[in-house]
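# Secondary and tertiary structure notes
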Amino acid sequence: MTLLAVNIGNSHTILGLIADGAVSADWRVSTLEHRTADEWWALLRGTVGDERVDGIDGVVVCATVPSVLHEWREMISRHLSSVAAVVVEPGVRSGIPILMDNPREVGTDRIANAVAAVAHHGGPAIVVDFGGTATTFDVVNAAGQYVGGAILPGIELSLEALGRRGAQLRRVELARPRSVIAKNTVEALQSGMVFGVAAQVEGLVSRIIGEMDVAADEVTVIATGYLAEFVLDESKCFSVHSPWLTFQGLELIFQRNVIR
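Definitions and limits used
- Every chain is numbered independently, its residues counted from 1 as its sequence is written.
- Given that the model is predicted, a residue must reach a pLDDT of at least 70 before its local features are reported, and side-chain atom pairs must reach 80 or more before they are shown or counted; all residues, however, enter totals for whole chains, interfaces and linings.
- Only hydrogens and water are removed before side-chain values are computed, so all heavy atoms of the structure are retained for them.
- UniProt positions are given in the numbering used here, feature names are shortened, and annotations may be inferred rather than shown by experiment.
- Note on aromatic contacts: the rings of Phe and Tyr and the six-membered ring of Trp form a pair at centre separations within 6.5 Å, being stacked when their planes are under 30 degrees apart, edge-to-face when over 60 apart, and tilted otherwise.
- Strands are runs of DSSP state E lasting at least 2 residues, helices are runs of H or I lasting at least 4, and numbering of each runs from the N terminus.
- Burial classes follow relative accessibility: with a 1.4 Å probe on protein chains only, a residue under 20% of its type's maximum area counts as buried, one over 50% as exposed, and anything between as partly exposed.
- Two conditions define a charge sitting above a ring: the NZ of Lys or the CZ of Arg must be within 6 Å of the ring centre, and it must be within 35 degrees of the ring normal.
- Pairing between two strands requires that DSSP report at least two bridges joining them.
- Throughout, a residue-residue contact means that at least one pair of heavy atoms, one from each residue, lies within 4.5 Å.
- In this analysis, axes come from line fits to C-alpha atoms, helices being fitted only over the stretch in contact, and the angle between any two N-to-C directions falls in the range 0 to 180 degrees.
- To estimate how far a helix should extend, the number of its residues minus one is multiplied by 1.5 Å.
- Bend is computed residue by residue as the angle between axes fitted to the seven residues ending at the residue and the seven residues starting at it.
- Identification of polar contacts relies on pairs of N or O atoms within 3.5 Å, with a donor-acceptor requirement for protein atoms, meaning one able to donate a hydrogen and the other able to accept it, and with residues adjacent in sequence counted only if both atoms are side-chain atoms.
- In the sections that follow, a salt bridge refers to a side-chain nitrogen of Lys or Arg positioned within 4 Å of a carboxyl oxygen of Asp or Glu.

The protein carries the name Type III pantothenate kinase in an unreviewed UniProt entry, which gives Nocardioides albertanoniae as its organism. What the UniProt record of the protein gives under Subcellular location (unreviewed entry) is the line "Cytoplasm". Taken from UniProt, the Subunit (unreviewed entry) comment for the protein reads in full: "Homodimer."

The following block contains the structure:
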């Protein structure tokens, strides 16, 4: 079975083909809210390829942008109506309890991350997802329950804000600088983003573990998201790097709602 997994984020939409439990191909495109259902269909076929699209047996979608999700629903209804489709939303079986004040507020990508964390690593666990707009922290306890998390501005969003609002600053390439103590403005910005974010993540993970009231070595700390690679080597708090964690969670949710 070939499953198309779609993670619609604020900055980018990640597309992946999953076959036999493994991601066989992936693509990242800009999330543009003005795209219509037909434009998404044309982009999908142009990016993934006609032959691959025609071979899709199922679709699973999570989204943080309601207007884009609306167009994806329309696209699936028009062009992929013959395949099984699951949109992750309230009422869909995730397989884990969401212990939040309002479970409907939790981003569906974060739920997918938690589902995969429990299934592949068990609890307690912390998932740190490095997206462009936000870096999210999701926590599951030893019983495999989603108990909450935290949200920080994403690395790309922070760089963009500094470039726009800083009178003597500008947009720079996200890269590791030569040292923490920078000798020029470009490397000063890069130092803040790479080393600063690493320290921020380590500090927040430490505080989360403190509130969980468990030993640090009992908690699996998982890094995911397409910007994780910029922080991984600078942080000592991670147990696992799982770049396809969200897709793994989406596949599990699809199976729990379609395959009996």
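The structure having been displayed, the exposition proceeds.
## Describing the packing of aromatic side chains
For the structure on display, the rule yields three aromatic pairs. Considering the side-chain rings of Trp40 and Trp72, the 5.6 Å spacing of their centres and the 50 degrees angle between planes classify their relative orientation as tilted. Note that Trp40 is positioned in helix α1 (residues 37–48) and Trp72 in helix α3 (residues 66–79), a separation of 32 residues in sequence. An identical accessibility class is assigned to Trp40 and Trp72; each is buried. For the ring pair Phe130 and Phe238, a centre distance of 6.0 Å and an interplane angle of 70 degrees mean the geometry is edge-to-face. Linking Phe130 in strand β6 (residues 125–130) with Phe238 in the loop between α7 (229–232) and β10 (240–241), this pair joins segments that are 108 residues apart in sequence. Take Phe130: its relative accessible area is 0%, and that puts it in the buried class. Residue Phe238 is classed as buried on the basis of its relative accessible area, which comes to 16%. The ring of Tyr226 carries the charged tip of Arg28 above its face, separated from the ring centre by 4.1 Å. The ring of Trp40 has Arg35 lying over it, and the distance from NZ or CZ to the ring centre is 4.8 Å.

## Observations regarding the sheet that holds β10
One open sheet holds the five strands; their spatial order is β8-β7-β6-β9-β10, and the pairing between them is mixed. Strand pairing shows two members of the sheet lacking a second neighbour, β8 (146–153) and β10, which therefore form its edges. Where β6 lies against strand β7 (residues 134–140), six bridges are found, and the strand directions are antiparallel. Residue pairing across strands places Ile126 opposite Val139, the latter belonging to β7. Here helix α6 (residues 185–212) sits on the sheet in contact with β6, β7, β8 and β9 (220–224), set at roughly 155 degrees to β6.

## Here we look at α6
For α6, which comprises 28 residues, the first-to-last C-alpha distance of 39 Å matches the rise-based estimate of 40 Å (1.5 Å per residue) to within 8%. In α6, a bend of some 30 degrees at Gly196 exceeds every other bend along the element. Taking the backbone nitrogen of Val186 as reference, a side-chain oxygen 3.3 Å away marks Asn184 as the first, capping residue of α6. Looking one or two residues past α6, Asp213 carries a phi angle of roughly 60 degrees, positive in sign.

## A few points about the pattern of salt bridges
Using the criterion set out here, one finds eight salt bridges in the structure. Where Arg73 meets Glu89, a salt bridge forms, and the shortest distance between an N and an O atom there is 2.6 Å. Residue Arg73 is found in helix α3, and its partner Glu89 is found in the loop between β5 (84–87) and α4 (108–121); the two are separated by 16 residues along the sequence. Residue Arg73 is classed as partly exposed on the basis of its relative accessible area, which comes to 36%. Here Glu89 falls in the partly exposed class, since its relative accessible area comes to 32%.

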